[in-house]
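# Topology and contacts: notes
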Amino acid sequence: VQLVESGGGLVQPGGSLRLSCAASGFTFSRYAMRWYRQAPGEERELVAGITSAGDLTNYVDSVKGRFTISRDNAKSTVYLQMNSLKPEDTAVYYCNARFGPYTYWGQGTQVTVSS
């Protein structure tokens, strides 16, 4: 089982990034997917989630209207489009797959928002 995040980096405030998480080793289309983030000294926070079929999404209030989660089950990939980025969005972003008692994590990708 692997979840491999990519797309992180350094961006100026107001900029955009698109994170990707490529899954392998399990039946991706059965799993709900989530993006979490963890800033230094902070607890890991749920940012966004999407159902297995991609028909429902949810977001933490601080990113509503700026971030969009989506998935492509044919490519076993989940995305997080992040617009209007703020310095407080700086964190390591992790993708998570969950189905019943099964949960898998990626290794994380760093997002830094700074001028």
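Okay, so let's go over this structure.

Calculation rules
Every chain is numbered independently, its residues counted from 1 as its sequence is written. The predicted nature of this model means local features are confined to residues of pLDDT at least 70 and side-chain atom pairs, given and counted, to a pLDDT of 80 or more, with totals for whole chains, interfaces and linings taken over all residues. To obtain the side-chain values, all non-hydrogen atoms of the structure were included, while hydrogens and water were left out. For this analysis, a salt bridge means a side-chain nitrogen from Lys or Arg found within 4 Å of a carboxyl oxygen belonging to Asp or Glu. Strands are runs of DSSP state E lasting at least two residues, helices are runs of H or I lasting at least four, and both sets are numbered from the N terminus onward. Note on classification: 1.4 Å probe, protein chains only; a residue is buried when its accessible area is under 20% of the maximum for its type, exposed when over 50%, partly exposed between these limits. Throughout, a residue-residue contact means that at least one pair of heavy atoms, one from each residue, lies within 4.5 Å. The term disulfide is used for any two cysteine sulfur atoms that are within 2.5 Å. Residue types Ala, Val, Leu, Ile, Met, Phe, Trp, Tyr and Cys, when buried and joined through side-chain atoms within 4.5 Å, form a set referred to as a nonpolar core. Here, a strand pair is defined by DSSP locating no fewer than two bridges between the strands. Any Phe, Tyr or Trp ring, taking Trp's six-membered ring, that has another such ring centre within 6.5 Å forms a pair; planes under 30 degrees apart are called stacked, those over 60 apart edge-to-face, and the others tilted. Two conditions define a charge located above a ring, namely a distance within 6 Å from the ring centre to NZ of Lys or CZ of Arg, and an angle within 35 degrees of the ring normal.

## A short note on the pattern of salt bridges
When the charged atoms of two side chains lie near each other, side chains of opposite charge can form a pair. One pass over the full model with this rule turns up four salt bridges. One salt bridge in this structure joins Asp89 and Arg66, with 2.8 Å as the shortest N-O distance. Taken as a pair, Asp89 in the loop between strand 8 (77-82) and strand 9 (91-99) and Arg66 in the loop between strand 6 (57-59) and strand 7 (67-72) lie far apart in primary sequence, 23 residues in all. The buried category is assigned to Arg66, whose relative accessible area is 10%.

## Section: the environment of Val1
Position of Val1 among the secondary structure elements: in the segment before strand 1 (2-6). On a C-alpha basis, the gap between Val1 and Ser29 in space is 14 Å, while along the polypeptide they are 28 residues apart. Excluding anything up to four places from it in sequence, Val1 contacts Ser24, Gly25, Phe26 and Tyr104.

## Focus: the state of the cysteines
Here the structure, examined in full by the defined rule, presents one disulfide. Each disulfide pairs two cysteine sulfurs, and for Cys21 the partner residue is Cys95, the sulfurs being separated by 1.9 Å. Taken together, the positions of Cys21 in strand 3 (residues 17-24) and Cys95 in strand 9 put the pair 74 residues apart, joining distant regions of the chain. Take Cys21: its relative accessible area is 0%, and that puts it in the buried class.

## Some points on the nonpolar core
Judged by nonpolar contacts, the single largest core of 28 residues is most densely connected at Trp35, Val78, Leu80, Met82 and Tyr93. Secondary-structure elements contributing two or more residues to this core are strand 3, strand 4 (32-38), strand 5 (45-50), strand 7, strand 8, strand 9 and strand 11 (109-113). Contacts of Val78, omitting those with residues within four sequence positions, involve Leu19, Ser20, Cys21, Phe28, Met33, Trp35, Ile50, Ile69, Ser70, Arg71 and Cys95.

## Focus on the pairing of strand 10 (residues 102-105)
Direction of pairing for strand 9 relative to strand 10: antiparallel, over a ladder of four bridges. By the bridge assignment for strand 10, Ala97 is matched with Tyr104. A loop of two residues connects strand 9 with strand 10, the two strands running antiparallel in sequence, and Gly100 in this loop sits at a positive phi of about 60°.

## What to know about the packing of aromatic side chains
Both the distance between ring centres and the angle between the ring planes are used here to describe each pair of aromatic rings. Applying the stated criterion across every chain yields a total of five aromatic pairs. Considering the side-chain rings of Tyr36 and Trp105, the 4.9 Å spacing of their centres and the 55° angle between planes classify their relative orientation as tilted. You can see Tyr36 sitting in strand 4 and its partner Trp105 sitting in strand 10, a full 69 residues away along the chain. Accessibility expressed as a relative area gives 36% for Trp105, which makes it partly exposed. Three or more aromatic residues joined by ring pairs make a cluster, and in this case those are Phe26, Tyr31, Phe99 and Tyr104. For Arg44, the ring lying beneath its charged end belongs to Trp105, and the centroid distance is 4.7 Å.

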